[in-house]
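An overview of the molecular structure
Here's the letter readout for the chains.
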Amino acid sequence: MEPFGMMDALGHEQVVFCRDEASGLKAIIAIHDTTLGPSLGGCRMFDYRSEAEALTDVLRLSRGMTYKAAIAGLDLGGGKAVIVGPRSSKSEAMFRAFGRFVDALGGRYITAEDMNTNEQDMEFIGRETRWVTGRSPAAGGTGNPGPVTAWGVFHGLRGALHHATGSPSVEGRTVAIQGLGNVGYGLAKHLRDAGAELLLCDVNQQSVERALDELGGEPVEGDDFYRAPCDVLAPCAVGGVISARTIPMVQASIICGGANNILDDEDRDGQALRARGIVYAPDYVVNGGGIMSVNGELRGESRDKVLADAARIYETVREVLGRADREDLTSVRASNLLAEARIAAIGSVKGLWTGKV
Ligand code: NAD
């Protein structure tokens, strides 16, 4: 499909191709929708096989950010950037050149860390533009959003439990967590503190041992994660793990985790889970603490305010799952409709709504 055809299909406002010969920068910035506010989304670096693949990725990811910000209740739109190339080609000049392109957009796009970019890269960008967030505490930022994300996932999980069982209490419930990094380890700690039993899984054996030492629980490995006899599966590592292959293995009645893009195919797998009576709390609702954290940094909000906002993911998950049941929809479809309704309502207040996300 031609680029304008893709923008039409997904509803994008603006796509900017950026090239800087001296530093070798090749980047694409996609602004999906700015009805609610400036577009925000991380800058990913990846050695794409083709330009078409890079464009498809940035268009898809930026649209996802519109929905994530809207359902999180933020005054932000959806955007994303990709820098094309291997990590080994990184340089100060490349990120400063990227920062100048971001600056030229005058605040319509705000960038942050993402796959293969880090705090140091954000520092370089920040020397050319103020439209960067998720910066280190040393540079005046709030640092790693992982702890806020984990707090939000914990409350999302309580919301899913409440929906499925009538009680939000995690005490005595068994939760299997895949991925014990920033998000998964933080989630495990909140769950342990609230009296849950833990089944812990990570490809890195040291991470598993550390978590078992510090938090207790039992280890699970490989596909035994999906088969775990437990109440909740919490994928907190990589995307695409809940799929046509793994859904038949699932014994848990709830899937609720912090990873992005947990479902391999949103429609197909969402419907398969619904048919099996497994409650799926949409990932982009549950992991919204991350965007709340960077939004808080942008707006100078207190840590307490950001954590209180993340705790409200509990209510949002209940609202999403309630609507899915009432209207017999997949939970992702239900949350998309809620996000679109908020964009439409706030857009019309501003006189901005065009009728299409
Ligand atoms: P991280 O890199 O700190 O931790 C990921 C952990 O998962 C690592 O310990 C790694 O060894 C493990 N892992 C990788 N592949 C695995 C596999 N196949 N099976 C089991 N374990 C595996 O990352 P993070 O910041 O904790 O993020 C985890 C997920 O949450 C990612 O999908 C990320 O996109 C998403 N997310 C993170 C944030 C945030 O604030 N950090 C916000 C929103 C979404």
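For the structure, check the block above.
What comes next concerns the included structure. (Residues numbered from 1 in each chain as written. Predicted model: local features only at pLDDT ≥ 70, side-chain atom pairs only at ≥ 80, totals over all residues. Heavy atoms only, no water.)

Where strand S4 (residues 43-46) lies against strand S5 (residues 77-84), four bridges are found, and the strand directions are parallel. Looking across to S5, one finds that phenylalanine 46 is bridged to valine 84. (Pairing = 2+ DSSP bridges. Helix = DSSP H or I, 4+ residues; strand = E, 2+ residues; numbered from the N terminus.)

Here strand S10 (residues 232-235) shows no split at all, with Val232 and Ala234 on one side and Leu233 and Pro235 on the other all buried. Alignment of strand S7 (residues 174-178) against S10, held across four bridges, turns out to be parallel. In the sheet register, isoleucine 177 faces S10, and the bridge partner there is alanine 234. In this structure, S10 lies alongside strand S11 (residues 254-255), joined through two bridges in parallel fashion. Across the sheet, valine 232 pairs through a bridge with isoleucine 254, a residue of S11. (Buried < 20%, exposed > 50% of the residue type's maximum accessible area, 1.4 Å probe, protein only.)

The immediate surroundings of the ligand are formed by 19 residues, with Thr149, Val183, Asp202, Ala237 and Asn260 found nearest. Here threonine 149 contributes a side-chain N or O atom positioned 2.7 Å from an oxygen atom of the ligand. Measuring from an oxygen atom of the ligand, one finds a backbone N or O atom of alanine 237 at 2.9 Å. Summarising the interface, the protein chains cover 70% of the accessible area of the ligand, which totals 830 Å² for the free molecule. Going through the elements one at a time, helix H5 (146-165) and helix H6 (182-193) are the ones with two or more residues in the shell around the ligand. The residue makeup of the shell around the ligand, split by class, is eight nonpolar, 10 polar and one charged. (Near = heavy atom within 4 Å. Polar contact = N/O pair within 3.5 Å; in protein donor to acceptor, adjacent residues only side chain to side chain. Areas by Shrake-Rupley, 256 points an atom, 1.4 Å probe, with all protein chains shown as cover. Nonpolar A, V, L, I, M, F, W, Y, C, P; charged D, E, K, R; others polar.)

This part covers the pattern of salt bridges. This structure, assessed with the given rule, holds 28 salt bridges. Taking the shortest distance from any N to any O, the salt bridge between aspartate 57 and arginine 44 comes out at 3.6 Å. Separated by 13 residues along the polypeptide, aspartate 57 in helix H2 (residues 51-71) and arginine 44 in strand S4 bring together distant segments of the chain. As far as the burial class goes, aspartate 57 and arginine 44 line up, both buried. Within the structure, one salt-bridge network assembled from shared partners comprises Arg44, Asp57, Arg60, Lys80 and Asp114. (Salt bridge = Lys/Arg side-chain N within 4 Å of Asp/Glu carboxyl O.)

Take it as geometry only, folks, not as evidence of what the structure does.
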